[in-house]
Amino acid sequence: MRPGRPGLARGAAPLPIHGELTVTFVIDAHGLGRGFVRSTGPLLRRRRERVSAVRDVTFSVAPGEIVGYLGPNGAGKSTTMKMLTGILAPTRGRLRVCGLEPSRQRTRLAARIGVVFGQRTTLWWDLPLRDSLTLVRHLYRVDAAAHAARSAELTELLELGPFLATPVRQLSLGQRMRGDLAAALLHDPELLVLDEPTIGLDVVSKSAIREFLLRRNAERGTTILLTTHDLGDVERLCRRVVVIDHGRLAFDGGLDALRAGAPTPRTLVVDLAAPAGPIEVAGARTVRVEGPRQWLELSGNPAEVVSEVVSAVARRHAVVDLTLREPDIEDVVARLYARGRDVPREPAPGAG
Ligand SMILES: Nc1ncnc2c1ncn2[C@@H]1O[C@H](COP(=O)(O)OP(=O)(O)OP(=O)(O)O)[C@@H](O)[C@H]1O
């Protein structure tokens, strides 16, 4: 962990470690909240109501961590990301990112963080990728020599070479995402904030992005906070996850602890040649039937269970197609709540 830098740590909470050393959290949120006022009801009887998108959220991220910020749709993830990057000001609580107050010190913060939103690009649509990267250099006032070196490194690591001359609008989603990552890293930020970085990508592109992020984290100590609905991202990248639900912090700890709190089965989706009653086989429970399609929840996750259920179904029914659906993070979180458990909280790594 990097020692705290008092000059940069304005307002951040330095954490004493082993007496002498201090670590400044890269993200330090305490009692964070953000409300909105929105209009509801029919046109002639519009009412204004307050919505708490994020309520009383406290968490911190130490330098070099990769943390998944997870939750179901509408949980408050994007609102948190917008506060972290200074786009929205909190209505409650205290927030420091790289020792800065994001909404009030947005320009200074921009020099310290990189941001990628998977659903929209920061690149110039009509320009070749190379020109977009050059513009980013001017935006962040990166000097020419540093830019040339970082550009060359990122071009190699992200394999951008073959399409540097291609206009961004003609890039595939995976190529565009790699370009966006390069743009976010050209000024060598200490924190990378990623909102759904692998959304819509094929398996190969997802894997390339994940391996790149792991390498960046290991080699340069870049801290990463990411939102994702993809459990593969979480499993490969995050040792720690913070889960929010209905705006509140629901869990902060290791992925294993989250899973242990709510073991979630895989689902076999079976397309039969014709509609039939619910399939009955050992090792699975039919949880949904829609015409010829049935959803079977597997009673265990090892490969043998899957192959036994698949053979049993195929022996007894005319099967057109079979798909194995991995539980996504929403399933894990939903199950956590369905069980009505006290959600465990672990102390943040490095705290203490
Ligand atoms: N500008 C806004 N005005 C009013 N309500 C808002 C605004 N932005 C977000 N909200 C509400 O705040 C809540 C949290 O929204 P947010 O976009 O942060 O969720 P999310 O976890 O990112 O969801 P998703 O995974 O679907 O993107 C939702 O109920 C949403 O309708």
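Residues numbered from 1 in each chain as written. Predicted model: local features only at pLDDT ≥ 70, side-chain atom pairs only at ≥ 80, totals over all residues.

Participant: I'd love a proper account of the sheet that holds strand S4 (residues 47-61), names of residues and values included.
Facilitator: One open sheet holds the three strands; their spatial order is S4-S3-S6, and the pairing between them is antiparallel. The outermost strands of the open sheet, each flanked by one partner alone, are S4 and strand S6 (92-97). Mean inter-strand twist for the sheet, computed between neighbouring axes without regard to direction, equals 35°. (Pairing = 2+ DSSP bridges. Helix = DSSP H or I, 4+ residues; strand = E, 2+ residues; numbered from the N terminus. Axes fitted to C-alpha atoms, helices over the stretch in contact; angles between N-to-C directions.)

Participant: Which residues make up unusual backbone geometry, and what values go with them?
Facilitator: Positive phi, close to 50°, is recorded for Asp56, a residue that is not glycine. Relative to the helices and strands, Asp56 is located in strand S4. Phi at Cys98 is positive, roughly 50°, even though this residue is not glycine. Along the chain, Cys98 falls in the loop between S6 and helix H2 (106-110). Judged by the 26 C-beta atoms lying within 10 Å of it, Cys98 is buried. (Buried ≥ 20, exposed ≤ 12 C-beta atoms within 10 Å, placed from the backbone.)

Participant: Please provide a residue-by-residue account of the packing of helix H3 (residues 129-139) against helix H5 (residues 173-185), values included.
Facilitator: Packing of H3 against H5 leaves a shortest axis separation of 9 Å and a crossing angle of 20°. When the axes of H3 and H5 are compared, the pair comes out roughly parallel. Considering only the axes of H3 and H5, their crossing is right-handed. When H3 is examined against H5, the residues Leu129, Ser132, Leu133 and Val136 are found in contact with a partner set consisting of Gly179, Ala182 and Ala183. Here the residues of the contact of H3 with H5 sort into five nonpolar, two polar and no charged. (Parallel < 35°, antiparallel > 145°, perpendicular 65-115°, else oblique. Left-handed = near helix turned anticlockwise from the far one by under 90°. Contact = placed C-beta atoms within 7 Å. Nonpolar A, V, L, I, M, F, W, Y, C, P; charged D, E, K, R; others polar.)

Participant: Kindly report on the environment of Val136, identifying the contributing residues and their values.
Facilitator: Within the secondary structure, Val136 is located in helix H3. Along the primary structure Val136 and His147 are separated by 11 residues, whereas in three dimensions their C-alpha atoms are 9.7 Å apart. Ignoring sequence-local partners within four residues, the contact set of Val136 consists of Ala183 and Leu186.

Participant: Provide a residue-level description of the sheet that holds strand S5 (residues 66-70), including the pertinent values.
Facilitator: Pairing is mixed in the open sheet, where six strands are placed in the order S7-S8-S9-S5-S10-S11. Only two strands of the sheet have a single partner each, and these edge strands are strand S7 (113-117) and strand S11 (248-254). Neighbour-to-neighbour, the strand axes of the sheet open up by a mean angle of 15°, direction not taken into account. Two strands pair when backbone bridges link them, and strand S8 (residues 191-195) and strand S9 (residues 223-227) are joined in this way by five bridges, in the parallel orientation.

Participant: Which residues make up the nonpolar core, and what are the values?
Facilitator: Grouped together as the largest cluster of nonpolar side chains are 65 residues, with contacts concentrated most on Val97, Val193 and Val241. The dominant element in this core, judged by the number of residues it contributes, is H5, at six residues. Of all hydrophobic cores here, the second largest spans nine residues; its members include Ile279, Ala284, Leu296 and Val313. (Core = buried A, V, L, I, M, F, W, Y, C linked by C-beta atoms within 7 Å.)

Participant: Go over the pairing of S5, please, and point to the residues and values.
Facilitator: Here S5 lies mainly inside the structure; five of its five residues are buried. Burial along S5 is two-sided: Ile66, Gly68 and Leu70 and Val67 and Tyr69, pointing in opposite directions, are all buried. For S5 and strand S10 (residues 240-245), the ladder comprises four bridges, and the chain directions are parallel. Each bridged residue has a counterpart across the sheet, and for Leu70 the counterpart in S10 is Val243.

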